[in-house]
Amino acid sequence: MFLIGPTLILAYRSLEGSEGGLTFDNYRQLASDAVISSYGMSIKISLTTAILGGLIGFLIAWVVSRGGLPPRFRLITTTFSGVAANFAGVPLATAFVFTLGRVGLITALFKWLGVDLYKSGFSLYSFLGLTLVYLYFQMPLMVLTILPALDGLKREWREAAENLGATPFQYWRHVALPVLMPSILGTMILLFGNAFGAHATAYALTGGLFDLATLLIGRQISGDVLHNPGLGYAVAMGMVLIMAFLIFFVYLPLQRRSEKWLK
Amino acid sequence: MTLYFLIPLGATFYWSLRGKKDVLGFEAYRKLFADTNFLPSFSQSMVNAVATIFLSLLIVVPTAYWVTLRLPKLRPVIEFITLLPFVIPAVVLVFAIILLYSRPPLLLTATYDSSRVVLICMYVALSFPYMFRSVDNGLRAIDVRTLTEAAQSLGANWVTILFRVIFPNLRVALLSGALLTFAIVIGELTIALYMAQHTLGPYMADLTRSKVYEPSAMAIVAFAITWAAMGIIDFVGRGASRHAQMTDSD
C-alpha cells in the first residue's frame, strides 16, 4: 500500500510525456550528459564507500570478535556503531561542516600548520569530502551486520585447521574467508544501497546542488529552475531498477549461501 | 580510527560552545531552545515518532506472531518486504507517494494534517524492516507455540493471547525496535521536506543554512538523542540476557 502501489504509479508516470500519452521520451533523456554524470557520481560514491567502509568495518569487527580485548571494548564499539550508523542526515552533515568545512576545526588546524586545504584542492563538497562523510555511517553499519557472521565462525573449524597443521593465514584463506565471503559481499551490497539512496546527508551538506542521482530527482521534480517531473520519475525508476537488480539477483542468492554455514 | 569518529563530534561540540564572542559557554544552546520554531518542530517530530512506533507495533507484532506460528510459508514474502526500503530510496518513495495520493480518488495530501497522516504511514512502512527483525529475534527466543497452547487451554482468545502473553514476553525486543524506529523518525529529512512538513529534519536543514552556532548545538542535541536511544537498547538488552542466564542456571 505504501511501498509497492506508489512504485507502480511512478513507473506509469515515468512513461507519460509532457503532453500526455505514453512514450519513452523520459527514458531517452536519461542518456543526457547531466543524468549520466549524476548516476556516475552516485555509483562512484556508493561503490567507494561500500568497499572502503566494508573493508575497514570488517577489520574493526574482526578485532572486536577475536576476543583478547576487555569486554568493555566490544560493548563500546557496538553501542557506538549503533549510534553512528543511525547518525546520518542533517546532524552528520553539520558535524562535518564544523570539522572539515571552510572554517572547520581540522581545516583551521592545517592552516595553522601552513597548509591551506581548500587551496590545495580539497573540498568537503566534493567526491572526496562526501566519501569521508558517508564512511561515518557506512563503517559502523558494516560492523553491526558482519559481527554476527564473525561470531558464527565455529571454534571447531579453527581447531580442526590447526590440528591439520594450517597456519593462521591458511585458515583464513581456505576456511574462514570462503565461509564469510557471501556475508561480506551481501553486506557490502546493503552498504551500496545505503549510500546510493542517501539523500538527506548530501542535501544538508550541499543544499541539494551536488551532482547525485537522488539530488537530481529532487531538483527535477520539485525544483524551480530545472522542472521536468517526467525525467525525475525516470531517474527514480532507474534507481529502483538498479537496486532491485542488485538485491534480487546478487544479494538474495549470497544471503542463501551464507545461511548454509551459519545454522 | 577512533579519532576519525571522535573529531567531528569534538569539533561540533567546540563550536557549539562559542555562541558568544570570546567566551566558551552554552549560549548557542540557550538560543536554540529559545527559538520559536524549535519546540513546535521538535514536538511534532516526537508525536510523529510515537505514532509511528505505536502503529508499527500494532501491525508488526501480530504479523510476526502469525508468521512464526501459523504461516511459515509466508516468511519469504515478509523478508522480501523488509528489503524493499533498500530497493526504493526514500527520495523516490516520497515522490511516488505524492503522485499516488495527490489527486482524486485518493486525495490525501490536500491539507497539512492529512499529509501528516500519510507521512506517518510512510514512516511505518520504513520502520517495518527494523521492527520486524527485532520482533522476530524476540519471538525466536521464546517458545511461542507452548505459550500459545498454554493460554488457549486456559480459555484465552486471540486478543488476550496477543496482548497479555505475547506482548509482555517481547518487552525487550519491542523496546529495541521502538527505539530504533524513534532514532530514524525523529530527524528524518527527505520525506518530511518534500511533503512540506514542519518537523525537526527540515528545521535542522534550514538552521544549517541560516545560523552560525546554533546548528552545532542542534547536532549535539540530535547526537545525544540517538545516543540515548541506543544506550537504552543496549542496557535493557543486557539486563534481559543476564536474566535469561539466571533462569538457565536454575
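Being a predicted model, the structure only gives us computed values, none of them experimental. Residue indices follow the written sequence of each chain, beginning from 1 at its first position. Ligands are numbered from 1 and chains lettered from A, in the order in which they are written. Under the rules for a predicted model, residues below a pLDDT of 70 receive no local features and side-chain atom pairs below 80 are neither given nor counted, while totals for whole chains, interfaces and linings still include all residues. Working from all heavy atoms in the structure, the side-chain values ignore hydrogens and water.

Student: Account for the overall build of chain B, naming residues and giving values.
Tutor: When you go through chain B residue by residue, the secondary structure sums to 12 helices and 0 strands. Exposed residues in this analysis have more than 50% of their type's maximum accessible area, buried residues have under 20%, and partly exposed residues fall in between, with area computed by a 1.4 Å probe over protein chains only. Scored against the burial criterion, the 250 residues of chain B give a buried share of 50%. Contact between two residues is taken to exist if any of their heavy atoms lie within 4.5 Å; hydrogens are not considered. Put simply, 75% of the contacts in chain B that link residues at least 6 apart link residues at least 24 apart. Reported accessibility uses the Shrake-Rupley method at a 1.4 Å probe radius. Residues are deemed covered only where the shown protein chains occlude them. Taken as a whole, chain B presents about 12,400 Å² of accessible surface, with 66% of it coming from carbon and sulfur. Each helix corresponds to a stretch of at least 4 residues labelled H or I by DSSP, and each strand to a stretch of at least 2 residues labelled E; elements are numbered beginning at the N terminus.

Student: Tell me about the overall build of chain A, residues and numbers included.
Tutor: Along the backbone of chain A there are 12 helices and 0 strands. In sequence order, chain A lays out its α and β elements as α-α-α-α-α-α-α-α-α-α-α-α. Classification of the 263 residues of chain A by burial places 50% in the buried group. Considering only residue pairs separated by 6 or more positions, chain A has 69% of its internal contacts joining residues 24 or more positions apart.

Student: Before we move on, could you go through the interface of chain A and chain B and cite the residues and values that matter?
Tutor: With 57 residues of chain A in contact, the opposing surface of chain B contributes 55 residues. Here chain A packs against chain B, burying approximately 5,300 Å² in sum over the two surfaces, 81% of which is carbon and sulfur. Each salt bridge in this description consists of a side-chain nitrogen of Lys or Arg and a carboxyl oxygen of Asp or Glu lying within 4 Å of one another. Inspection of the region where chain A meets chain B yields 0 salt bridges. Counted as a polar contact is a pair of N or O atoms within 3.5 Å, where, for protein atoms, one must be capable of donating a hydrogen and the other of accepting one, and residues adjacent in sequence contribute only when both atoms are in side chains. Linking chain A with chain B are 0 residue pairs in polar contact (both at pLDDT 80 or more). Examining the composition of the side of chain A that touches chain B, we find that 10 residues originate from one element, helix H12 (residues 229–262) of chain A, more than from any other. The quantity reported as buried area is the accessible area (1.4 Å probe) lost by two parts once they are put together, taken as the sum for both.

Student: Please provide a residue-by-residue account of helix H5 (residues 90–100) of chain A, values included.
Tutor: Every α-helix winds through 3.6 residues per turn, so residues three or four apart in the chain are directed the same way. In terms of residue burial, H5(A) counts as a mostly covered element, since 10 of its 11 residues are buried. Looking at H5(A), one finds that the buried residues are A:Val90, A:Pro91, A:Leu92, A:Ala93, A:Thr94, A:Ala95, A:Phe96, A:Phe98, A:Thr99 and A:Leu100.

Student: An account of the environment of A:Thr201 is needed here, citing residue identities and associated values.
Tutor: All names here are of chain A. Secondary-structure assignment places Thr 201 in helix H10 (residues 200–206). Look at Thr 201 and you get buried, because its relative accessible area is 3%. In this structure, the C-alpha to C-alpha distance between Thr 201 and Gly 89, residues 112 residues apart in sequence, is 4.0 Å. Once you skip the residues sitting within four places of it in the chain, Thr 201 turns out to touch Ala 88, Gly 89, Leu 92, Ala 93, Val 133, Tyr 134 and Phe 137.

Student: Describe a nonpolar patch on the surface, and please don't skip the residues or the numbers.
Tutor: Residues and elements named next belong to chain B. Here the term patch refers to residues with relative accessible area over 30% and no salt bridge, with like charges joined within 9 Å and nonpolar side chains (Val, Leu, Ile, Met, Phe, Trp, Tyr) within 5 Å. Taken together, the side chains of Phe 54, Leu 55, Leu 58, Ile 59, Val 159 and Phe 163 define a hydrophobic patch exposed on the protein surface, amounting to about 560 Å² of accessible area. Every element with two or more residues in the nonpolar patch is listed here: helix H3 (38–69) and helix H8 (158–169). When residues in the nonpolar patch are grouped by element, the largest group, 4 residues, is from H3. The residue Ile 59 is located in helix H3 in this model.

Student: A description of the packing of aromatic side chains should follow, citing residues and the corresponding values.
Tutor: Working definition: a ring pair exists when centres of Phe, Tyr or Trp rings (six-membered ring for Trp) sit within 6.5 Å. Plane angles under 30 degrees give stacked, over 60 give edge-to-face, the rest tilted. With the rule as written, the count across this model stands at 6 aromatic pairs over all chains. Connected via pairs of aromatic rings, a cluster forms that spans A:Trp62, A:Tyr171 and A:Trp172.

Student: How would you summarise the confidence of the model for chain B if you had to cite specific residues and measurements?
Tutor: Residue and element names in this part refer to chain B. The predictor rates its confidence in each residue with pLDDT, a number between 0 and 100. Per-residue confidence for chain B gives a mean pLDDT of 75, with 81% of residues at or over 70. The secondary structure element of chain B with the lowest average pLDDT is helix H12 (residues 214–249), at 69, and the one with the highest is helix H7 (residues 144–153), at 83. Counting contacts from residues 245–250, a segment whose pLDDT is below 50, to residues more than four positions away or on other chains yields 0 contacts. Scored as a complex, the prediction yields pTM 0.78 and ipTM 0.73.

Student: So what's going on with the packing of H3(B) against H8(B)? Which residues, and what values?
Tutor: All names here are of chain B. Here, axes are lines fitted to C-alpha atoms. For helices the fit covers the stretch in contact, and angles between N-to-C directions go from 0 to 180 degrees. At their nearest, the axes of H3 and H8 sit 12 Å apart, and the two run at 100° to each other. Classified by the angle their axes make, H3 and H8 are roughly perpendicular. Along the contact surface, H3 presents Leu 57, Leu 58, Val 61, Pro 62, Tyr 65, Trp 66 and Leu 69, while H8 presents Trp 158, Ile 161, Leu 162, Phe 163, Ile 166 and Phe 167. Grouping the amino acids of the contact of H3 with H8 by side-chain chemistry returns 13 nonpolar, no polar and no charged. For this classification, under 35 degrees means roughly parallel, over 145 means roughly antiparallel, 65 to 115 means roughly perpendicular, and everything else is oblique. Residues are grouped as follows: nonpolar covers Ala, Val, Leu, Ile, Met, Phe, Trp, Tyr, Cys and Pro; charged covers Asp, Glu, Lys and Arg; every other residue, Gly included, is treated as polar.

Student: I'd like to hear about the environment of B:Ala192, residue by residue, with values.
Tutor: All names here are of chain B. Along the polypeptide, Ala 192 turns up in helix H10 (residues 190–194). Along the sequence, Ala 192 and Leu 119 sit 73 residues apart, while their C-alpha atoms lie 7.1 Å from each other. Setting aside residues up to four positions removed in sequence, Ala 192 forms contacts with Leu 119, Tyr 123, Gln 197, Thr 199 and Pro 202.

Student: So what's going on with the side chain of A:Ser42? Which residues, and what values?
Tutor: Residue and element names in this part refer to chain A. Along the polypeptide, Ser 42 turns up in helix H3 (residues 33–65). Its relative accessible area of 4% is what places Ser 42 among the buried residues. Each residue touching Ser 42, except ones within four places of it in the same chain, is listed here: Phe 196, Leu 212, Ala 213 and Thr 214.

Student: So what's going on with the side chain of B:Thr148? Residues and values would help.
Tutor: Mapped onto the elements of the fold, B:Thr148 is located in helix H7. Of the polar contacts made by the side chain of B:Thr148, one reaches the side chain of B:Tyr65; its length is 2.9 Å.

Student: Just give me the short version of the environment of A:Leu216, but keep the residues and values in it.
Tutor: Residue and element names in this part refer to chain A. Mapped onto the fold, Leu 216 is located in helix H11 (residues 213–222). Here the alpha-carbon distance between Leu 216 and Ala 34, two residues 182 residues apart in the chain, equals 9.0 Å. Excluding its chain neighbours within four sequence positions, the residues that come into contact with Leu 216 are Val 35, Ser 38 and Val 235.

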